[in-house]
Amino acid sequence: MYQALYRKWRPLKFADVIGQKHITDTLKAQITTNRLSHAYLFSGTRGTGKTTCAKILARAVNCQNPKDGDPCGECEACKSILDGSVLDVVEIDAASNNGVDNIRDIREETRYAPAAVKKRVYIIDEVHMLSVGAFNALLKTLEEPPSHVLFILATTEIHKVPATILSRCQRFDFRRITPDDIAVRLCEVAKAENINLTDGGAKLIARLADGAMRDALSMLDRTAECEIVDENAVSQCIGILGSDDAISLMKAIEQKNLAEAVQIIGDAYDAGRELSGVFDQLLGLIRDMLLVKTSKQDVSSMISPAYTVQDVTVLAEPVAASTLIAWSNILQQSQSRLKSAANRRVEAELTIVRLCNMSGENYDTLTGRVEALEKSLQSGVIVKQATPEKKQMPKPKKQQVEEIKEKPEPKAGEPWQHWSKLLNQLAGKINIGTLTCMKSGYVRAQIDGDKLLLFCDDDITAGLLKAEPTKTRVQTAASELEGSQLRLRIYEPNQKQIKQEDNKSIDEILQKAQDLDIEITEL
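Residues numbered from 1 in each chain as written. Predicted model: local features only at pLDDT ≥ 70, side-chain atom pairs only at ≥ 80, totals over all residues. Heavy atoms only, no water.

## A word on helix α3 (residues 50–62)
Given 3.6 residues to a turn, an α-helix orients residues that are three or four positions apart in the same direction. In this model α3 runs 19 Å from its N-terminal to its C-terminal C-alpha over 13 residues, within 8% of the 18 Å that 1.5 Å per residue would give. When you tally the buried positions in α3, you get 12 out of 13 residues, the bulk of the element. Within α3 the residues assigned to the buried category are Lys50, Thr51, Thr52, Cys53, Ala54, Ile56, Leu57, Ala58, Arg59, Ala60, Val61 and Asn62. The inward-facing, buried residues of α3 contact α2 (21–33), β1 (39–43), α4 (76–83), β2 (89–93), β3 (120–125) and β4 (149–155). (Helix = DSSP H or I, 4+ residues; strand = E, 2+ residues; numbered from the N terminus. Expected span 1.5 Å × (residues − 1). Buried < 20%, exposed > 50% of the residue type's maximum accessible area, 1.4 Å probe, protein only. Contact = heavy atoms within 4.5 Å.)

This is the structure:
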């Protein structure tokens, strides 16, 4: 009967455990010097070797001929424990045996000496799942067990284990296994199993495993039937984008090419890719781009093995760091929504729309938006503000009455003729982000006597213009162009400057409509 790779290749001695040398060396030394604790607590993420080390330790303390702290694997005790025929070594799943009665049974059993081996060993997996009553029932036995009893507790959520339990155990924290160590081990297993695994495929699996050796072996098992287990084979079997597709998607987002980006997402969905995994892959790529862009040291060893440093550097060049952070925030918010979305594809496509059409509110700070504007200007990308459509006056109900045409919204002055000259004159004198906002259509200039009125389309642009010395320099340059001293007035979107006398024409229209019995809706 076929046996899964992670079971077949489970380490049988401490030397075979990957990435946990700080723990295995300590355990071997304790066994060699006979300085064993009565209770151990192994904590760490899934697939890092907690249960494996517990089973090796159970054999090592009962081995008749230990070798440098490792079980020999040949004596009767090692063989019987390995095949599960010894009743004195018990492995308990606390998720399904978490009641007080289960712990009381263990407490009663500890009174009796082991029948076939030296020590009675209890391996309690996922110990954080025990109830409060079960923990309390375990306390006294865990603190002062008989000399022939050894407790080994394992958990993935150490914060859920009571402090009273922690203080009674010798604790070991298992680290995530590095991608390099996982890739080396995968190549060893693949060679022994006659699996044609490439270096690129091994590195991609190692990255996706997120530090868990068991997950990596399971992924290798899923791709084992492929003729060549390379990056493309892994991407198809695991359900993620290939590295080339991920880079193409990121380029489309950078260039605001919404059609291409949505097409890539649609192709991934049709191919059976997990959309949350695709976004997780984008987050990883953004992380690599931020490292390359912001770090002053060489980070080639820290980025994902799925991409080259050159590819990541080229991707990161035209994008501001604040934009990358804003993208990551949007993707993380979408990750949580995807879990409960009625239509996951639509939610994913809407996320791509948000990424391709960033607004000022997506940035964490004003400085971040200024940085993004400066980067866009350096890259030659100027974003124009869309001109809002004019609202039409409602048509009269009576057909015989002549239709009243819409009158333009009253303004505080006339458009200023020197606006383009002012923009040229301010180059190099004010913040480049502020100048970009002015050139991109976020500001409308009108002249009213000795006042220059600047109407801003958003609060951020208004804040940039009001800041000193920007405001003074704009006023000085405008006065020179006008040939007389101008006073500068800056208005935010919710502020309106309308002269009182300009309302007379509107009042006349309203009065005429009332005389003709025409219904008017005020907007």
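## Description of the environment of Ser328
Examined against the element boundaries, Ser328 turns out to sit in helix α16 (residues 321–338). Along the chain, Ser328 and Asp280 lie 48 residues apart, while their C-alpha atoms are 9.7 Å from each other. Setting aside residues up to four positions removed in sequence, Ser328 forms contacts with Leu283 and Ile286.

## What about empty space enclosed by the protein?
All told, the structure shown has two cavities of 30 Å³ or more when counted by the stated rule. Within this model, the second largest cavity holds a volume of roughly 30 Å³. Around the second largest cavity, the lining residues are Leu204, Arg207, Glu231, Ser235, Leu241, Gly242, Ser243, Gln281 and Ala306. Counting only elements with at least two residues in the lining of the second largest cavity, the list comes to α9 (199–209) and α11 (231–238). (1 Å grid on protein atoms, 1.4 Å probe; cavity = no way out; pocket = protein on both sides within 12 Å on 5 of 7 lines; lining within 4 Å. Points joined across faces, edges and corners; volume = space filled by probe spheres on them.)

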